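Residue-level listing of the chains:
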Amino acid sequence: MKKYDYLVVGAGLFGATFAYEAAERGKHVKVIDKRPHVAGNIYTKEVDGIQVHQYGAHIFHTSNKRVWDYVNQFADFNRYTNSPIANYKGEIYNLPFNMNTFNKMWGVKTPDEALAKINEQRQEMAGKEPQNLEEQAISLIGRDIYEKLIKGYTEKQWGQKATDLPAFIIRRLPVRLTYDNNYFNDDYQGIPIGGYTQIVEKMLDSDLIDVETNVDFFAKKDEYLKDYPRIVFTGTIDQFFDYQLGELEYRSLRFETEEKNVGNYQGNAVVNYTDAETPYTRVIEHKHFEFGKGDKDKTIVTREYPADWHRGDEPYYPVNNQRNNQLYAKYQELAKKEPNVIFGGRLGQYRYYNMDQVIAAALKTVSKEFDN
Ligand code: UDP
């Protein structure tokens, strides 16, 4: 067998960033992935001239200038700004919660009027420390918005009552007293022109990196551990240890993708369905990520259905409640007994990372590995 310095398990953003940086330092890297393609969940594929986000919508956003400059080495980014809308039983609201939302909800026109209304609604939680997502949402924004725009979506997304969910999930969402529909507060945002797959392909395009897809690490785990001096593992940490301490929980997704013979189906890239009855959480119309580029008479739409996760399903989200975080901490203890294995990424580190955080975490791992 050819001699490698590293085996990287998983050709997603974490693994690819690590492999790229290792090769830049003259290391030989083997990358394997169980899927038939690289790029993990940021994989995009062209259909009808449209970049289809095969594993859910990915919008790159960051306030980390270093990460923004870093990722721009591998693609040119457009000026896409995420401005999802919510459809609640046919009523349309702007997201994130901003003056447009408040105007539609209550008829208020000025920030003072909106604030007065929000404060009135927040009274329900006055003096109480929010103990769960429902209480957090009401204390942030009040009951009207909670009932129409948060409760149904969140309970579908996580498959649990909002009163059983941790408060931090909702802190991701900005609240604004301006007429600004930009979903993110970050300094930089965009979609790579021509899709995400090119980013990972470019990262892995080195004479020092060999990539093999359709390869299951667990079919030959012991051999890999014996043959490679260092392993970067980006799969689920509980599976790596054969679930010996019990299963971590994940949330899965199911995507239904359809080609439609219309040029413009919903007028926006992302429409969230925030009621409890609609079984999907959102509908993505991919061409709007690149301002309508592609076949002008066709469009590709994807409905996203949240799903329970069972062994063998694709894990999309870690469920970072107390029980799981404690169990993860125990797996981290086990990981210390595998000093030649580095665990990374959303699954390896069991964190609800965004793409920029994945790159930042990978670069941190790189400097720990090479800069001492
Ligand atoms: N959320 C909501 N209503 C929406 C969109 C999001 O209540 O229309 C809540 C929901 O609890 C969700 C969280 O905000 O889990 C984070 O949403 P985000 O869009 O950041 O999640 P992602 O895109 O990572 O799935």
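You'll find the structure just up there.
Before going into details, it helps to say that this report is about the structure given with it. Quick caveat: nothing in here was measured; it's all calculated off a predicted structure.

## Quick look at the sheet that holds strand β7 (residues 91-94)
Sheet strands pair via backbone hydrogen bonds, and the direction of the pair is either parallel or antiparallel. Here we have seven strands laid out as an open sheet, ordered β7-β6-β12-β13-β14-β11-β15, and mixed in their pairing. Edge positions in the sheet fall to β7 and β15 (317-318), since each has one partner strand and no second. The sheet contact formed by strand β13 (residues 282-285) and strand β14 (residues 299-308) spans four bridges and is antiparallel. Bridged to arginine 282 within β14 is glutamate 304.

## Overview of the environment of glycine 142
Structurally, glycine 142 can be placed in the loop between α5 (133-141) and α6 (143-158). The spacing of glycine 142 and arginine 122 is 20 residues in sequence and 4.9 Å in space, taken between C-alpha atoms. Setting aside residues no more than four positions away along its own chain, glycine 142 makes contact with Gln121 and Ala137.

## Quick word on the pairing of strand β11 (residues 250-260)
Pairing analysis gives two bridges linking β11 to β15, with the strands arranged antiparallel. Within the sheet, the bridge partner assigned to tyrosine 250 lies in β15 and is proline 318. The pairing of β11 with β14 spans 10 bridges and is antiparallel. Bridging from a neighbouring strand, serine 252 pairs with alanine 307 of β14.

## Comments concerning the site of the ligand
The immediate surroundings of the ligand are formed by 17 residues, with Thr154, Tyr183, Asn272, Tyr317 and Tyr352 found nearest. The separation between an oxygen atom of the ligand and a polar side-chain atom of tryptophan 158 is 2.9 Å. Side-chain polar atom of tyrosine 352 to an oxygen atom of the ligand: 2.7 Å apart, as the coordinates give it. Broken down by element, the residue count for the shell around the ligand peaks at six residues, all from α6. Along the lines of polarity and charge, the residues of the shell around the ligand split into 11 nonpolar, four polar and two charged.

## Focus: the packing of aromatic side chains
For the structure shown, the criterion picks out 36 aromatic pairs. Geometrically, the ring pair formed by phenylalanine 233 and phenylalanine 343 is edge-to-face, given 5.9 Å between the ring centres and 70 degrees between the ring planes. Here phenylalanine 343 lies in strand β16 (residues 341-343) and phenylalanine 233 lies in strand β10 (residues 230-233), a separation of 110 residues in the sequence. By way of ring pairs, the aromatic residues Tyr4, Phe217, Phe218, Tyr224, Tyr228, Phe233, Phe240, Phe241, Tyr331 and Phe343 are connected into one cluster. In this structure, arginine 254 is placed above the aromatic ring of tyrosine 305, and the distance from its NZ or CZ to the ring centre is 4.2 Å.

## Looking at the packing of helix α4 (residues 111-122) against α5
In the contact formed by α4 and α5, the axes pass within 7 Å of each other and the chain directions differ by 145 degrees. Together, Ile118, Gln121 and Arg122 of α4 and Ile138, Ser139, Leu140 and Ile141 of α5 make up the contact between the two elements.

## Concerning helix α10 (residues 322-336)
Between the first and last C-alpha of α10 there are 21 Å, a value that for 15 residues agrees with the 21 Å anticipated at 1.5 Å per step. Taken together, the buried positions of α10 are Asn324, Leu327, Tyr328, Tyr331, Leu334 and Ala335. When α10 is viewed along its axis, its buried side chains cluster within an angular range of 105 degrees and face the same direction. Pointing more than 90 degrees away from the buried face of α10 are the exposed residues Gln322, Lys330 and Lys336. Where α10 is buried, its residues meet α9 (237-240), β16 and α11 (345-348).

## Focus: α5
Those residues of α5 that fall on the buried side of the exposure criterion are Leu133, Glu134, Gln136, Ala137, Ile138 and Ile141. At its buried positions, α5 is contacted by α3 (99-106), α4 and α6. At the N-terminal end of α5, a side-chain oxygen is found 3.1 Å from the backbone nitrogen of glutamate 134, two or three residues along, and the residue is asparagine 132. Phi for glycine 142, located one or two positions after α5, is positive at around 95 degrees.

Rules and cut-offs
Residues numbered from 1 in each chain as written. Predicted model: local features only at pLDDT ≥ 70, side-chain atom pairs only at ≥ 80, totals over all residues. Heavy atoms only, no water. Pairing = 2+ DSSP bridges. Helix = DSSP H or I, 4+ residues; strand = E, 2+ residues; numbered from the N terminus. Contact = heavy atoms within 4.5 Å. Near = heavy atom within 4 Å. Polar contact = N/O pair within 3.5 Å; in protein donor to acceptor, adjacent residues only side chain to side chain. Nonpolar A, V, L, I, M, F, W, Y, C, P; charged D, E, K, R; others polar. Phe/Tyr/Trp six-rings, centres within 6.5 Å; stacked < 30°, edge-to-face > 60°. Lys NZ or Arg CZ within 6 Å of the ring centre and 35° of its normal. Axes fitted to C-alpha atoms, helices over the stretch in contact; angles between N-to-C directions. Expected span 1.5 Å × (residues − 1). Buried < 20%, exposed > 50% of the residue type's maximum accessible area, 1.4 Å probe, protein only. Arc of directions from axis to C-beta.

Functional significance is not addressed by these values, which are geometric in nature.
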